[in-house]
Amino acid sequence: AGADAVVSSSAVTKHIDYEGGIQMRWGWGTSTVDGDQSFAFGKAFSNTCQSVQITRRDSGTEFILPVTACSKSSFTINRNNDINGSQDFYYMAMGF
């Protein structure tokens, strides 16, 4: 197997770990409050989370849901105070 061979993966914990060390996590969540809100990965990264991308699921949205922190086990967003109600999103995270 090469450096890009899959070591483990699961649709349940929403992860893929590659032999070369790169790891991916994905999923969805719902932002319910202004200010910091944390979301756990289905499986923690072995060493560190490097990046999390958020895509809001509602059409016509104007404000982003910025990621303010990420760790081995979770990430934090801090949404704009002008956003009201529950806001669904997808995420994709990379790390090793």
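The structure displayed is predicted, hence computed values, not measured ones. (Residues numbered from 1 in each chain as written. Predicted model: local features only at pLDDT ≥ 70, side-chain atom pairs only at ≥ 80, totals over all residues. Heavy atoms only, no water.)

Visitor: So what's going on with the sheet that holds strand 8 (residues 87–95)? Residues and values would help.
Guide: Read across the sheet, 5 strands follow the order 1-2-3-8-5 without closing on themselves; strand pairing throughout is antiparallel. Among the strands making up the open sheet, the edge pair consists of strand 1 (6–10) and strand 5 (49–56). If you compare each strand with its neighbour and ignore which way they point, the axes differ by 15° on average. Bridge analysis of strand 3 (residues 23–31) against strand 8 gives 9 bridges, and the strand direction is antiparallel. Note that in strand 8 the partner of Arg-25 across the bridge is Ala-93. (Pairing = 2+ DSSP bridges. Helix = DSSP H or I, 4+ residues; strand = E, 2+ residues; numbered from the N terminus. Axes fitted to C-alpha atoms, helices over the stretch in contact; angles between N-to-C directions.)

Visitor: Describe in detail the pairing of strand 1, supporting the description with residues and values.
Guide: The sheet contact formed by strand 1 and strand 2 (residues 15–18) spans 4 bridges and is antiparallel. Bridged to Ser-9 within strand 2 is Ile-16. Linkage of strand 1 to strand 2, two consecutive antiparallel strands, is achieved through a turn of 4 residues, within which Lys-14 is found at a positive phi near 55°.

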